Amino acid sequence: MKNILLIATGGTIASGYTREGLVPTIAAEELLGYVEGYREFCRVDVVQPFHLDSTNVCGRHWLQLAAAVEERYEEYDGFVICHGTDTMAFTAAALSYLIQNAAKPIVVTGAQKPIDLPVTDARTNLLDSLRFASDPRAHGVSIVFGGNVIAGTRAKKERSKSYNAFSSINFPSVAVIQDGRILFYIDDKDRVKGPVVFYHELNQRILLLKLVPGMDGGILGHLYPYYDGVIIESFGVGGLPEYGERPFQEEIRRWTDGGKMVLMATQVTHEGSDMEVYRVGKVIKENYKLMEAYDMTLEAAVTKAMWALGQTEDPDELRRLFYRTVNHDILLTPQQND
Ligand code: ASP
């Protein structure tokens, strides 16, 4: 019998209808009351650190969740976090950086429909999550949703209404769960060596700037005082426009000379960036000290930047931390590419 801690945080799974729309109302113990069959394989305790629509969840909540796991890490065999779907991919990625090398599973789940409706994905998702968190092969941070188990750094909410809301981006699913059976595609627990490591610092002064045709690079000048790093969601495999009163290139020089992090990413969901391909990317890559997200998701790139900048301000150390693979987050690395 496994001991699982259920950490409830709100989201649609725990929401009820009000005149102002859906609001989290169902408490942690109540959630469990809607699920049958889990007592055959686990015992569950519950905690409720906050009760929010995940639109309102940010860095301090990620630190709170990591602390909730850290405080009780020795007591439990696995952890299930019930969370809203809207920012779930950010939370799962952030937890992947805040809790590294965990031999125990930390599962993030939620639902597209409240758990008290007659037709809902919530009961299946919660039961699947408790089952996955009780499996001796499971480890590290993952999302369990719609019968799919996705590495915490690889998930993206791609559908706003369907039950299969989350996809695994540029990486296979870790497992699938069908009719209560878990089929592992990535069964690699033997690679976890040494103790779990918890981190306690994030730097949230990260800007994500999505390019649109015609945008002037001067925008980066206006935002310069407010951020310690910028992630530029550029087009295709990656490049920067050369037009405008104040070209992006000049602004990037200012940011990197000022010791700020500049990371190039792509607004294309699948297959990632590769700035070496076109002149609009290659020349920038060669002339400025910037980094590249390659095959990482934007959610992972944003939260990894926050985590890495929370640990160091030294550009070389930052680069080393950013390109070190954590929870399957990056396959292409500069060593392979440069
Ligand atoms: N707005 C909700 C939330 O993210 C959506 C959901 O949970 O599906 O909390």
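Residues numbered from 1 in each chain as written. Predicted model: local features only at pLDDT ≥ 70, side-chain atom pairs only at ≥ 80, totals over all residues. Heavy atoms only, no water.

Caption draft 1: Up close: the overall build of the chain. When its secondary structure is counted, the chain shows 10 helices and 18 strands. Taking 2.2 N^0.38 as the reference for a compact globule, 338 residues should give roughly 20 Å; the C-alpha atoms of the chain span a radius of gyration of 21 Å, in line with that estimate. Along the first, second and third principal axes, the C-alpha set of the chain runs to 65 × 50 × 30 Å. A buried classification covers 56% of the 338 residues belonging to the chain. When contacts within the chain are restricted to residue pairs at least 6 apart in sequence, long-range pairs at least 24 apart make up 71% of them. (Helix = DSSP H or I, 4+ residues; strand = E, 2+ residues; numbered from the N terminus. Rg over C-alpha atoms; globule rule 2.2 N^0.38 Å. Buried < 20%, exposed > 50% of the residue type's maximum accessible area, 1.4 Å probe, protein only. Contact = heavy atoms within 4.5 Å.)

Caption draft 2: Structural view of the pattern of salt bridges. Scanning all chains against the criterion turns up 17 salt bridges. Between Glu 71 and Arg 72 there is a salt bridge whose closest N-O contact spans 3.4 Å. The network of salt bridges with common partners includes Arg 246, Glu 250, Glu 251 and Arg 254. (Salt bridge = Lys/Arg side-chain N within 4 Å of Asp/Glu carboxyl O.)

Caption draft 3: View of the site of the ligand. The environment of the ligand is made up of Gly 11, Thr 12, Asp 53, Ser 54, Gly 84, Thr 85, Asp 86, Ala 111 and Gln 112. At a separation of 3.0 Å, a nitrogen atom of the ligand approaches a polar side-chain atom of Asp 53. Within the side chain of Thr 85, one N or O atom sits 2.5 Å away from an oxygen atom of the ligand. Compared with its free state, where it exposes 270 Å², the ligand has 90% of that area covered by protein. For the shell around the ligand, a count of residues per class yields 1 nonpolar, 6 polar and 2 charged. (Near = heavy atom within 4 Å. Polar contact = N/O pair within 3.5 Å; in protein donor to acceptor, adjacent residues only side chain to side chain. Areas by Shrake-Rupley, 256 points an atom, 1.4 Å probe, with all protein chains shown as cover. Nonpolar A, V, L, I, M, F, W, Y, C, P; charged D, E, K, R; others polar.)

Caption draft 4: Expanded view of the packing of aromatic side chains. Under the defined criterion, the tally for this structure stands at 10 aromatic pairs. Look at Tyr 97 and Trp 307: their rings are 5.8 Å apart centre to centre, the planes differ by 20°, and that puts the pair in the stacked class. Residue Tyr 97 is located in helix 3 (residues 88-98), and its partner Trp 307 is located in helix 8 (residues 298-311); the two are separated by 210 residues in the primary sequence. An identical accessibility class is assigned to Tyr 97 and Trp 307; each is buried. A ring pair is formed by Phe 322 and Tyr 323, whose centres lie 5.8 Å apart and whose planes are at 80°; its orientation type is edge-to-face. The structure contains a cluster of three or more aromatic residues connected by ring pairs, namely Tyr 73, Tyr 76, Phe 79 and Phe 198. The cationic tip of Arg 254 hangs over the ring face of Tyr 224; the distance from NZ or CZ to the ring centre is 4.7 Å. (Phe/Tyr/Trp six-rings, centres within 6.5 Å; stacked < 30°, edge-to-face > 60°. Lys NZ or Arg CZ within 6 Å of the ring centre and 35° of its normal.)

Caption draft 5: Quick peek at the side chain of Thr 120. Note that Thr 120 resides in the loop between strand 7 (105-109) and helix 4 (122-133). Judged by relative accessible area, Thr 120 falls into the buried class, the value being 12%. Reaching out from Thr 120, the side chain makes a polar contact with the backbone oxygen of Lys 113 at a distance of 3.0 Å. Within the local environment of Thr 120, its side chain forms a polar contact with the backbone oxygen of Pro 114, the two atoms lying 3.1 Å apart.

Caption draft 6: The arrangement of a nonpolar patch on the surface in detail. On the surface, Val 277, Tyr 278 and Val 280 cluster together into a nonpolar patch covering about 270 Å² of accessible area. Along the chain, Val 277 falls in the loop between strand 17 (261-266) and helix 7 (279-287). Relative accessible area serves as the criterion here: at 47%, Val 277 is assigned to the partly exposed category. (Patch = residues over 30% accessible without salt bridge, like charges linked within 9 Å, V, L, I, M, F, W, Y side chains within 5 Å.)

Caption draft 7: Structural view of the sheet that holds strand 16 (residues 229-234). The 4 strands are arranged 15-16-17-18 in an open sheet whose pairing can be described as parallel. In this open sheet, the two edge strands, each paired with only one partner strand, are strand 15 (206-210) and strand 18 (291-292). Pairing between strand 17 and strand 18: 2 bridges, direction parallel. Bridging from a neighbouring strand, Met 264 pairs with Glu 292 of strand 18. Running over the sheet, helix 8 touches strand 15, strand 16 and strand 17 and is turned about 165° from strand 16. (Pairing = 2+ DSSP bridges. Axes fitted to C-alpha atoms, helices over the stretch in contact; angles between N-to-C directions.)

Caption draft 8: Helix 4, seen in detail. For helix 4, with 12 residues, the first-to-last C-alpha span of 16 Å sits near the 16 Å given by 1.5 Å per residue. Judged by how many residues are buried, helix 4 sits mostly within the fold: 9 of 12 residues are covered. (Expected span 1.5 Å × (residues − 1).)

Caption draft 9: Broad picture of unusual backbone geometry. Even without glycine at this site, Glu 271 takes up a positive phi of about 85°. Mapped onto the fold, Glu 271 is located in the loop between strand 17 and helix 7. On the accessibility criterion, Glu 271 (69% relative accessible area) is exposed. Not every positive phi belongs to a glycine, and Asn 327 is a case in point at roughly 50°. Summarising the element assignment, Asn 327 is placed in the loop between helix 9 (315-323) and helix 10 (334-337).

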